[in-house]
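# Observations on the model geometry
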Amino acid sequence: MIDKKDKISKEYFVNITPLSKIVIGDCLEKMKLLPDRSIDLIITDPPYNLGLFMKNRGTNIKGMRDNHFAFSGWDDLDFASWSIQMELFLQECHRILKKRGSLIIFMSIIKVETIINLAVKNKLYYKTVGIWHKTNPMPRNMNLHFVNSTESWLYFINDATTGVFNNRGKVIHDFVESSTINISERKYGRHPTQKPLTLICHFIDLLSNEGDIVLDPFMGSGTTGVGCEVLNRQFYGIELDENYYSIASDRLKAKK
Ligand SMILES: C[S@@+](CC[C@H](N)C(=O)[O-])C[C@H]1O[C@@H](n2cnc3c(N)ncnc32)[C@H](O)[C@@H]1O
């Protein structure tokens, strides 16, 4: 549970560590607290809106673990409502990102075109759609169909066509491969869609510089923030759920 001191974080961002400030609430409200053109990089992993889709097509979700995203309550808006929320979110991204600031959004592959259209409409320059391949996905129903092992990520630049890209002379592919989270990344609690730290650090390192300001408006267990702690970036995080906020707070303090 959150302690008394942390409760003020429902109003404004509070320092959890010298680098990290986080707040509980709806990101559409809390992003308004951030000034225009103040953020260098946004890395985020919003609800993919697959819960209702899965229920409507009769996916058997009974056998899934009880913290699967389809049960989590924030993933089952109807498509039109979700699209409206995403557009309002992308409008705020455009307002708070600096000119040449970067945005990485993780998304299910079937929603990629929707996000590109909404982002471009809101003056975010589309750069890349890439794939994250999980080398050890849950082999659910492996004898019935292809095992789902991929998610996409989308890359946009604000008000320009290029931004920070620290490739250091290396060729960087749009296909990123890693295992899912390891046991030590679950030490402070379980989040149903927690991203691996190595994956998020890949983007922080490539698309920002030390001391830059990074935001994750759908922070979950705080993986983007932990990456910022490790790579010496300033971090702002927003999360709706108090339990996930609490996990993020612990992880930021522990830097893992
Ligand atoms: C896909 S998860 C992010 C997981 C995160 N990348 C991690 O590694 O833990 C999305 C998160 O967004 C939160 N969320 C959903 N709607 C939100 C909103 N309107 N404002 C802030 N957070 C929200 C959910 O509670 C959930 O924890």
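In what follows, the accompanying structure is described.

Cut-offs used in this document
- Residue numbering note: each chain is counted from 1, following its sequence as written.
- In view of the model being predicted, local features appear only for residues whose pLDDT reaches at least 70, and side-chain atom pairs are presented and counted only at 80 or more, with totals across whole chains, interfaces and linings using the full set of residues.
- As a rule here, side-chain values come from all non-hydrogen atoms in the structure, and water together with hydrogens is ignored.
- Proximity is defined per residue: if any heavy atom of the residue lies within 4 Å of a molecule or strand, that residue is considered near it.
- Polar contact is the term for a pair of N or O atoms within 3.5 Å; when the atoms are in protein, one must be able to donate a hydrogen and the other to accept it, and sequence-neighboring residues count only if both atoms are side-chain atoms.
- Only the protein chains shown count as covering a residue, and every accessible area follows the Shrake-Rupley method with a 1.4 Å probe.
- Side-chain classes follow a simple rule in which Ala, Val, Leu, Ile, Met, Phe, Trp, Tyr, Cys and Pro form the nonpolar group, Asp, Glu, Lys and Arg form the charged group, and the remainder, Gly included, forms the polar group.
- Here the nonpolar core consists of buried residues drawn from Ala, Val, Leu, Ile, Met, Phe, Trp, Tyr and Cys, with membership extended through side-chain atoms lying within 4.5 Å.
- Three exposure classes are used, based on accessible area relative to the maximum for each residue type with a 1.4 Å probe and protein chains only: buried under 20%, partly exposed in between, and exposed over 50%.
- Runs of H or I in DSSP of at least four residues are treated as helices and runs of E of at least two as strands, each being numbered from the N terminus.
- Whether two residues touch is decided by their heavy atoms; if any such pair falls within 4.5 Å, the residues are in contact.
- Take a side-chain nitrogen of Lys or Arg and a carboxyl oxygen of Asp or Glu: if they are within 4 Å of each other, that pair is a salt bridge.
- Note on pairing: two strands pair once DSSP finds at least 2 bridges between them.

### So, the site of the ligand
For the ligand, the set of nearby residues contains 20 residues, the closest of which are Cys27, His191, Ser221, Thr223 and Glu239. The separation between a nitrogen atom of the ligand and a polar side-chain atom of Asp45 is 2.9 Å. Interatomic distance of 2.9 Å between a backbone N/O atom of Lys195 and an oxygen atom of the ligand. Calculation on the ligand without its partners gives an accessible area of 610 Å², and the protein chains cover 95% of this total. Class assignment for the residues of the shell around the ligand results in 8 nonpolar, 7 polar and 5 charged.

### A short note on the nonpolar core
Core analysis: the biggest nonpolar cluster contains 62 residues, and Phe89, Leu103, Phe106, Phe156, Phe203 and Leu215 have the highest contact counts within it. If one sorts the elements of this core by residue count, helix α5 (residues 197-207) sits on top with 8 residues. Beyond its immediate sequence surroundings of up to four residues, Phe106 is in contact with Ile43, Thr44, Asp45, Pro46, Tyr48, Ser152, Trp153, Lys195, Leu199, Ile200 and Phe203.

### A look at the pattern of salt bridges
In this structure the tally under the stated criterion is 11 salt bridges. A salt bridge links Arg37 to Asp159, with the nearest nitrogen and oxygen atoms 2.5 Å apart. Of this pair, Arg37 sits in the loop between α1 (27-30) and β3 (39-44) while Asp159 sits in the loop between β6 (150-158) and β7 (175-178), and the two are 122 residues apart along the sequence. Note that Lys255 and Glu229 form a salt bridge whose closest N and O atoms lie 2.6 Å from each other. Separated by 26 residues along the polypeptide, Lys255 in the segment after α7 (242-254) and Glu229 in helix α6 (residues 223-231) bring together distant segments of the chain. Note on Glu229: relative accessible area 6%, which makes it buried. The network of salt bridges with shared partners includes Asp45, Lys134, Glu151 and Lys195.

### Here we look at the sheet that holds strand β5 (residues 124-134)
Read across the open sheet, the 9 strands follow the order β1-β2-β9-β8-β3-β4-β6-β5-β7; overall the sheet is mixed. Bordering the open sheet on either side are β1 (14-15) and β7, each of which pairs with just one other strand. As judged from the 6 bridges shared by strand β4 (residues 97-107) and β6, these two strands associate in the antiparallel manner. Within β6, the position partnered with Met107 by the bridge is Ser152.

### Some points on the environment of Thr135
Along the polypeptide, Thr135 turns up in the loop between β5 and β6. Distance in space between the C-alpha atoms of Thr135 and Ser149 is 7.2 Å, their sequence separation being 14 residues. In this view, Thr135 contacts Glu177, Ser178 and Ser179; residues no more than four positions away in its chain are not counted. Of the polar contacts made by the side chain of Thr135, one reaches the backbone nitrogen of Ser179; its length is 3.4 Å.

### Section: the environment of Ser38
For Ser38, the location among the structural elements is in the loop between α1 and β3. By relative accessible area, which is 17% here, Ser38 ends up buried. Expressed as a C-alpha distance, the spacing of Ser38 and Val214, which sit 176 residues apart in the sequence, is 9.6 Å. Not counting residues within four places of it along the chain, the set of residues in contact with Ser38 comprises Ile96, Lys98 and Ile213. Here the side chain of Ser38 touches Pro35 through a polar contact of 2.7 Å, landing on its backbone oxygen.

### With respect to helix α4 (residues 112-121)
When we look at burial in α4, the residues that qualify are Val112, Ile115, Ile116, Leu118 and Ala119. Buried residues belonging to α4 abut α3 (79-96), β4, β5 and β6. One or two steps after α4, the chain reaches Lys123, where phi turns positive at roughly 70°.

### Here we look at the environment of Tyr12
One can find Tyr12 in the segment before β1. Along the chain, Tyr12 and Leu33 lie 21 residues apart, while their C-alpha atoms are 7.6 Å from each other. When near neighbours in sequence (up to four residues on either side) are disregarded, Tyr12 contacts Ile22, Val23 and Leu33.

### Here's the deal with the pairing of strand β2 (residues 20-24)
Where burial is concerned, most of β2 is hidden: 4 out of the 5 residues are buried. Direction of pairing for β1 relative to β2: antiparallel, over a ladder of 2 bridges. Residue pairing in the sheet places Val14 in a bridge with Ile22 of β2. In textbook terms, the turn of a hairpin is the stretch between consecutive antiparallel strands, and for β1 and β2 this stretch comprises 4 residues. Direction of pairing for β2 relative to strand β9 (residues 234-239): parallel, over a ladder of 5 bridges. Residue Val23 lies in a different strand from β9, and its bridge partner there is Ile238.

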